[in-house]
Amino acid sequence: MSISNSTYQPASPTSGVSARGPIDRKELVRRHNVRQQALDPRSPVSVGNGEFAFTMDLTGLQSLPDSYPVGARDELPPGTLLGTQAQWGWHATPPAQAYELSGSTVLYDSPRGPVPYVDMAGGIVNDRETGTSPAETWLRANPHRLDLGRIGFRLVDAGGDRALSEGDVDDAEQTLDLWTGTVTSRFTLAGHPVTVMTACHPERDELGIRLESPGLQGRLAITIDFPYGSEAWHDAADWTSSDSHTTTLGDPAASGLHAGSTAWTAHRELDASRYQVVITGRGLTVLQTGQHRLRISPNPGSSGSQGVMDLAVAFVSAGEGDCVPRGATGAALAAARPGAGTAAGTAVVLSGTARPAAGSSVAAASKAYWPGFWLSGGAIELAATDDPRAKELERRIVLSQYLTAINCSGSLPPQETGLVCNSWRGRFHLEMHWWHAAHFAHWNRVEHLLPSLRWYSTVLEGARQTAKAQGFDGVRWPKQVGPDGRESPSPIGTFLVWQQPHPIHLAELAYRANPSREVLEEFAEIVFESAAFMASFAHRTPRGFELGPPLIPAQESYGSIRASVTNPTFELAYWQWALRVAAAWRDRLGLEPVEAWQEVAGHLVKPRVLDGSYAAIDVEPFTIRTDHPSMLCALGVLPETDLIDKETMRATLASVLADWDWDSTWGWDYPVMAMTAARLEDPEAAVNALLLGAGKNTVLANGHNRQTDSLPVYLPGNGGLLAAAALMAAGWDGGPERNAPGFPAGWTVAWEGLVAAP
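Keep in mind that what you see is a predicted model, and the values were worked out from it rather than measured.

Participant: Just give me the short version of the overall build of the chain, but keep the residues and values in it.
Facilitator: The number of helices and strands found in the chain is 16 helices and 39 strands. Computed over the C-alpha atoms, the radius of gyration of the chain is 26 Å, within 12% of the 27 Å expected from 2.2 N^0.38 for a compact globule of 758 residues. In terms of overall dimensions, the chain has C-alpha extents of about 85 × 70 × 50 Å along its principal axes. Burial statistics for the chain: of 758 residues in total, 64% are counted as buried. The contacts of the chain with a sequence gap of at least 6 include a subset with a gap of at least 24, amounting to 72%. Accessible area for the chain stands at about 25,800 Å²; split by element, carbon and sulfur atoms hold 50% of it.

Participant: Requested: an account of the pattern of salt bridges, with residues and values cited.
Facilitator: A full pass over the atoms with the stated rule returns 35 salt bridges. A salt bridge links R25 to E752, with the nearest nitrogen and oxygen atoms 3.0 Å apart. Here R25, found in helix 1 (residues 25–30), pairs with E752, found in strand 39 (residues 750–754); they are 727 residues apart in sequence, far enough to count as distant. Judged by relative accessible area, which is 8%, R25 ranks as buried. On the basis of relative accessible area, E752 is assigned to the buried category, the value being 16%. For the salt bridge of R464 with E529, the shortest nitrogen-to-oxygen distance reads 3.2 Å.

Participant: Tell me about the nonpolar core, and please be specific about residues and values.
Facilitator: Grouped together as the largest cluster of nonpolar side chains are 215 residues, with contacts concentrated most on I151, Y275, F315, W434, W575, W585 and F743. Counting residues per element, this core draws most heavily on helix 10 (residues 517–537), at 12 residues. Ranked by size, the runner-up nonpolar core spans six residues in total, among them A92, Y99, L101 and L139.

Participant: Got a sec to walk through the sheet that holds strand 27 (residues 284–290)? Specific residues and values, please.
Facilitator: Where strands meet in a sheet, backbone hydrogen bonds hold them as pairs that are either parallel or antiparallel. As summarised here, the arrangement of the five strands in space is 15-14-20-28-27, forming an open sheet in which the pairing is antiparallel. A single partner strand is all that each edge strand has here, and the edge strands are strand 15 (160–163) and strand 27. Here the strands of the sheet are splayed against their neighbours by 35° on average, with no regard to which way each runs. In this structure, strand 14 (residues 150–157) lies alongside strand 15, joined through four bridges in antiparallel fashion. Bridging from a neighbouring strand, D157 pairs with G160 of strand 15.

Participant: Explain the packing of helix 5 (residues 389–408) against helix 6 (residues 433–442) to me, using residue names and the numbers behind them.
Facilitator: Contact geometry for helix 5 and helix 6: axes closest at 11 Å, N-to-C directions at 115°. Comparing their axes, helix 6 and helix 5 come out roughly perpendicular. Between helix 5 and helix 6 the crossing geometry is left-handed. Where helix 5 approaches helix 6, its residues T404, A405 and C408 are matched on the opposing element by H436, H439 and F440. Broken down by class, the residue content of the contact of helix 5 with helix 6 amounts to three nonpolar, three polar and no charged.

Participant: Break down helix 14 (residues 669–679) for me, with residues and values.
Facilitator: Of all 11 residues in helix 14, 11 are buried; the element is thus mostly enclosed. When we look at burial in helix 14, the residues that qualify are D669, Y670, P671, V672, M673, A674, M675, T676, A677, A678 and R679. Of the surrounding secondary structure, the elements contacted by the buried residues of helix 14 are helix 6, helix 13 (646–659), helix 15 (683–690) and helix 16 (715–730). Following helix 14 by one or two positions, E681 adopts a phi angle in the positive range, close to 60°.

Participant: I'd love a proper account of empty space enclosed by the protein, names of residues and values included.
Facilitator: This model, assessed by the stated rule, comprises eight cavities of 30 Å³ or more. Of the volumes computed, that of the largest cavity is approximately 110 Å³. Surrounding the largest cavity, 13 residues form its lining, R396, N697, V699, G717 and L721 being those nearest its centre. Elements that contribute at least two residues to the lining of the largest cavity include exactly helix 5, helix 14 and helix 16. Along the lines of polarity and charge, the residues of the lining of the largest cavity split into five nonpolar, seven polar and one charged.

Participant: Give me the packing of aromatic side chains: which residues, what numbers.
Facilitator: All chains considered together, the criterion is met by 31 aromatic pairs. Residues Y369 and W370 carry aromatic rings whose centres are separated by 5.4 Å and whose planes lie at 75° to one another, so their mutual orientation is edge-to-face. Assessed through its relative accessible area of 4%, W370 is described here as buried. On the numbers, 4.8 Å between centres and 70° between planes, the contact of W434 with W435 is edge-to-face. In this structure, W434 and W435 share a single accessibility class: buried. Taken together through their ring pairs, the aromatic side chains of W434, W435, W498, F570, Y574 and W668 make up a single cluster. The aromatic ring of W233 is capped on one face by R73, whose charged end is 3.8 Å from the ring centroid. The ring of F528 carries R586 above its face, with NZ or CZ at 5.1 Å from the centroid.

So, how was this worked out
- Residues numbered from 1 in each chain as written.
- Predicted model: local features only at pLDDT ≥ 70, side-chain atom pairs only at ≥ 80, totals over all residues.
- Heavy atoms only, no water.
- Helix = DSSP H or I, 4+ residues; strand = E, 2+ residues; numbered from the N terminus.
- Rg over C-alpha atoms; globule rule 2.2 N^0.38 Å.
- Buried < 20%, exposed > 50% of the residue type's maximum accessible area, 1.4 Å probe, protein only.
- Contact = heavy atoms within 4.5 Å.
- Areas by Shrake-Rupley, 256 points an atom, 1.4 Å probe, with all protein chains shown as cover.
- Salt bridge = Lys/Arg side-chain N within 4 Å of Asp/Glu carboxyl O.
- Core = buried A, V, L, I, M, F, W, Y, C linked by side-chain atoms within 4.5 Å.
- Pairing = 2+ DSSP bridges.
- Axes fitted to C-alpha atoms, helices over the stretch in contact; angles between N-to-C directions.
- Parallel < 35°, antiparallel > 145°, perpendicular 65-115°, else oblique.
- Left-handed = near helix turned anticlockwise from the far one by under 90°.
- Nonpolar A, V, L, I, M, F, W, Y, C, P; charged D, E, K, R; others polar.
- 1 Å grid on protein atoms, 1.4 Å probe; cavity = no way out; pocket = protein on both sides within 12 Å on 5 of 7 lines; lining within 4 Å.
- Points joined across faces, edges and corners; volume = space filled by probe spheres on them.
- Phe/Tyr/Trp six-rings, centres within 6.5 Å; stacked < 30°, edge-to-face > 60°.
- Lys NZ or Arg CZ within 6 Å of the ring centre and 35° of its normal.

Honestly, it's all geometry; don't read function into it.
Have a look at this one:
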């Protein structure tokens, strides 16, 4: 199937009519509020805005970090799930000497002759780095994402104060109210009831905290501790290098943001990283009680001394050095949409004349923003379905919308653990960008995709130089990067190619959700430069145009034979489809076609078929049955193309379901299978795939897709679930005409506002 440049019409948001009328979105969302009455070390909750997030324990703060561990992948202590992270918060450890990628560059034979690739002298064994040089270690670890500060309670007595322990917290009950984005935590401490409200401002990196503990009357203080940056794979905080950074608390001043309140600004400096922390409230005392500790307590005679503290804590990038300027969030763009209701950045008008305290003001902004989020875009309701699987699937769908909104809608492509904790040192993987963010367009919330899609324009020149050095046209996108887009040494990442069509795919989804010339013009260079690389990367042989070697497909099991891998099934289909999409973009803009794009797309070799199923690659061992079953992406993630036969793909899906090694899979593999089954008109298999009882398909009480102890959060699984659910509900171009064609015919599926898939 090809895209006709002249007749293609973008899909528009539609709905599946429910006999009960429009979906009651407030009821739909709130029945999946996260409620916890006991400490679950795997399942803390977060508040955030896409650019910043704060993850808390049962106290509503980060009082018990050791109770929520992130397992180490080396001989280091565990990290914690209780992170405070921002898209702008980065740090680089000063290197022993200037390190360059040229020291890891290796020439690989290719059909064009020797081609330079950034490789790695060491290896990656069982996801752990071994034998890396000092240069490779530094280049892979820097810049790394920061933990901006740990905010927690301490009990105060005549002898000073002490940290809380699990045993101190009794009768806990915590609720994340998805409709308002606020968390209410109730518990008993020293025999006295405590209530904590926690919220995040939708447009500023600012937390609102309101503490009520009348019985304690000032015995409960809040502290903020600041770590150094960490090069550890799993941990953003180094608490052992206190002399390597500085924390300086300034004098109090009248707040320019919260009228009637006082603000204290702490200045943080870690080598080339600089940011400020602004504490705002009334009736407070803020003291620096340690080298990197601030203590917030109530003034005697204030409301705080009666057990109430209402404050805001804002994190502000200096916008220079390693802490990059803050970008625009999807929340800000959403607030500017016509008909979006109250803009979250404007003043929230309350009845009466009293100005709200700082923390309550932040909560009011959150409560004004989140209903608009839920009322925008798409919705899927499965409650009228008798099948017991429907309730769990609806829960996962609702919670995944919240989690991706607060973790994946910022100005950079997200890391795989979002803004909760570090993995791969907080650096993001461009082959995962589709899984984090494509669903925003399917759910008609494209404004949450646009900020990270725009990032590609900031690294065009570096990507162009990579392509040029290898003898290719256009831009070659890197794999594992920080905000600067500099590649990381790797025996795997630099040989991947499936991230190359992603910007074309994401831009096309953005256009389908908002079919305007403005979208075409804004992303044309990214689309065209990506296509130029793809066309030049394919090489002509007597069989047709081929891909590789060297190459590693999305299924990374073939890393050891990267020098000989050719023609992976998914990548062949992706090449054809994306080149034709790029050609359609030129036609929409009234530009002359690029003959090479159409020639390559029309003459790619067919994928290898063995025993009636698609092989993963075109050389031995053809298919290793571990890691991602990426062959399935060729019809599922992608629409039908000339290269893929439906019946062969049906046999491939059956083969995967029969004996794949589920322990080696990843969370997005289950949506892959669901999308393939849906396009093959096997909705029962699609639902079964989304809910398959495998360890890597675990979805916790907080909605997160857990993988392992060291990868306890995995947002690509959530984003993939949403992409699959949207396709199953709204359908796809040329698909069956019935309502919700990807769900079983016996299900009652109400949906609205979704955009059909290509």
